[in-house]
Amino acid sequence: QKEVEQNSGPLSVPEGAIASLNCTYSDRVSQSFFWYRQYSGKSPELIMSIYSNGDKEDGRFTAQLNKASQYVSLLIRDSQPSDSATYLCAVNKPGGGADGLTFGKGTHLIIQP
Amino acid sequence: KAGVTQTPRYLIKTRGQQVTLSCSPISGHRSVSWYQQTPGQGLQFLFEYFSETQRNKGNFPGRFSGRQFSNSRSEMNVSTLELGDSALYLCASSYQGEGNTIYFGEGSWLTVV
């Protein structure tokens, strides 16, 4: 079983709609969870981090974490064409420090104008 | 505040050669980690340095090595290059206490011919 799994897509969403991206992880002791956005040919940029069960909102983005079910999701409201990118889910095991995030392979999101 | 700086941005090497990549972290960040990104394998953790010590290492052969200097700048070296080493090499920095959030540089694109 892969440690961090994401649907590779492409996920096509009309402009203005809500895009929902999902990620599951296998290590139950994982404690830190991150969403990164990566445009083609560019490096990943951090969108959200979440550490506790529940929702965390930042502008048009909402991260949701459910540790019991071992999944984390990212909702993008009012999707814009500029949101078209690959979204990477990353998980960090406990132990302190940036001791190596495990990334999913990413979901390719396409926002249709 | 300047971001993570990586040099060189692009390079082409021949099989059997070696390469050294450089990374300057965000000012004040003491942790530097390195990742390899390829279309097939996605983002994979190479190693992480903190206070000049390698703290964690991913599952890569010994041809991949790194070091960190007293000013937190880091270098990674790949010896005896193989075609499969062609990838985007990403450096990321982190400050202890910020929830393990890492910030990526723009990356070094390595092509091995």
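Each remark here, short or long, concerns the structure printed above.
As the structure is a prediction and not an experimental result, all values here were calculated from the model.

What counts as what
Residues numbered from 1 in each chain as written. Chains lettered and ligands numbered in written order. Predicted model: local features only at pLDDT ≥ 70, side-chain atom pairs only at ≥ 80, totals over all residues. Heavy atoms only, no water. Contact = heavy atoms within 4.5 Å. Buried area = accessible area lost by both parts, 1.4 Å probe. Salt bridge = Lys/Arg side-chain N within 4 Å of Asp/Glu carboxyl O. Polar contact = N/O pair within 3.5 Å; in protein donor to acceptor, adjacent residues only side chain to side chain. Helix = DSSP H or I, 4+ residues; strand = E, 2+ residues; numbered from the N terminus. Phe/Tyr/Trp six-rings, centres within 6.5 Å; stacked < 30°, edge-to-face > 60°. 1 Å grid on protein atoms, 1.4 Å probe; cavity = no way out; pocket = protein on both sides within 12 Å on 5 of 7 lines; lining within 4 Å. Points joined across faces, edges and corners; volume = space filled by probe spheres on them. Nonpolar A, V, L, I, M, F, W, Y, C, P; charged D, E, K, R; others polar. Pairing = 2+ DSSP bridges. Axes fitted to C-alpha atoms, helices over the stretch in contact; angles between N-to-C directions.

A. Structural context of the interface of chain A and chain B. The interface of chain A with chain B comprises 21 residues on the first partner and 24 residues on the second. Interface of chain A and chain B: buried area, both sides summed, is about 1600 Å²; carbon and sulfur atoms make up 55% of it. Inspection of the region where chain A meets chain B yields zero salt bridges. Counting every contact that joins chain A to chain B gives six residue pairs in polar contact (both at pLDDT 80 or more). Elements supplying a minimum of two residues to the side of chain A that touches chain B: strand S4 (32-38), strand S5 (45-50) and strand S9 (85-92) of chain A. When residues of the side of chain A that touches chain B are assigned to their parent elements, the largest contribution, four residues, is made by S4 of chain A.

B. Representation of the packing of aromatic side chains in the model. What the rule picks out here adds up to 11 aromatic pairs over all chains. Centroid distance Phe-34 of chain A to Tyr-51 of chain A: 6.1 Å. Interplanar angle 85 degrees. Geometry classified as edge-to-face. One end of the pair, Phe-34 of chain A, is in strand S4; the other, Tyr-51 of chain A, is in the loop between S5 and strand S6 (54-58), and 17 residues separate them in sequence. What links up through ring pairs into an aromatic cluster is the set Phe-34, Tyr-36, Tyr-51 and Phe-103 of chain A together with Tyr-35, Phe-45 and Phe-104 of chain B.

C. Broad picture of empty space enclosed by the protein. All names here are of chain A. Going through the model one piece at a time under the given rule, you end up with one cavity of 30 Å³ or more. In this structure, the largest cavity occupies an estimated 40 Å³ of space. Contributing to the lining of the largest cavity are Glu-3, Val-4, Tyr-25, Ser-26, Asp-27, Ser-30, Val-91, Lys-93 and Thr-102. Its residues placed into classes, the lining of the largest cavity shows three nonpolar, three polar and three charged.

D. A look at the sheet that holds strand S8 (residues 71-76) of chain A. Residues and elements named next belong to chain A. If you walk across this open sheet you meet the five strands as S1-S3-S8-S7-S6, and the pairing is antiparallel. For this open sheet the edge positions go to strand S1 (4-6) and S6, each flanked by a neighbour on one side alone. For this sheet, the mean angle separating the axes of adjacent strands, direction not counted, is 20 degrees. Pairing of strand S7 (residues 61-66) with S8, which is carried by six bridges, proceeds in the antiparallel orientation. From the neighbouring strand, Ala-63 faces S8, where its bridge partner is Leu-74.

E. Up close: the layout of surface pockets. Empty space within the largest pocket amounts to approximately 500 Å³. Lining the largest pocket we find 20 residues, and of these Glu-3, Thr-102 and Phe-103 of chain A together with Leu-43 and Gln-44 of chain B sit closest to its centre. The set of elements that each furnish at least two residues to the lining of the largest pocket consists of strand S10 (102-103) of chain A together with strand S5 (42-50) of chain B. When residues of the lining of the largest pocket are assigned to their parent elements, the largest contribution, four residues, is made by S5 of chain B. Partitioning the lining of the largest pocket into residue classes produces six nonpolar, nine polar and five charged.

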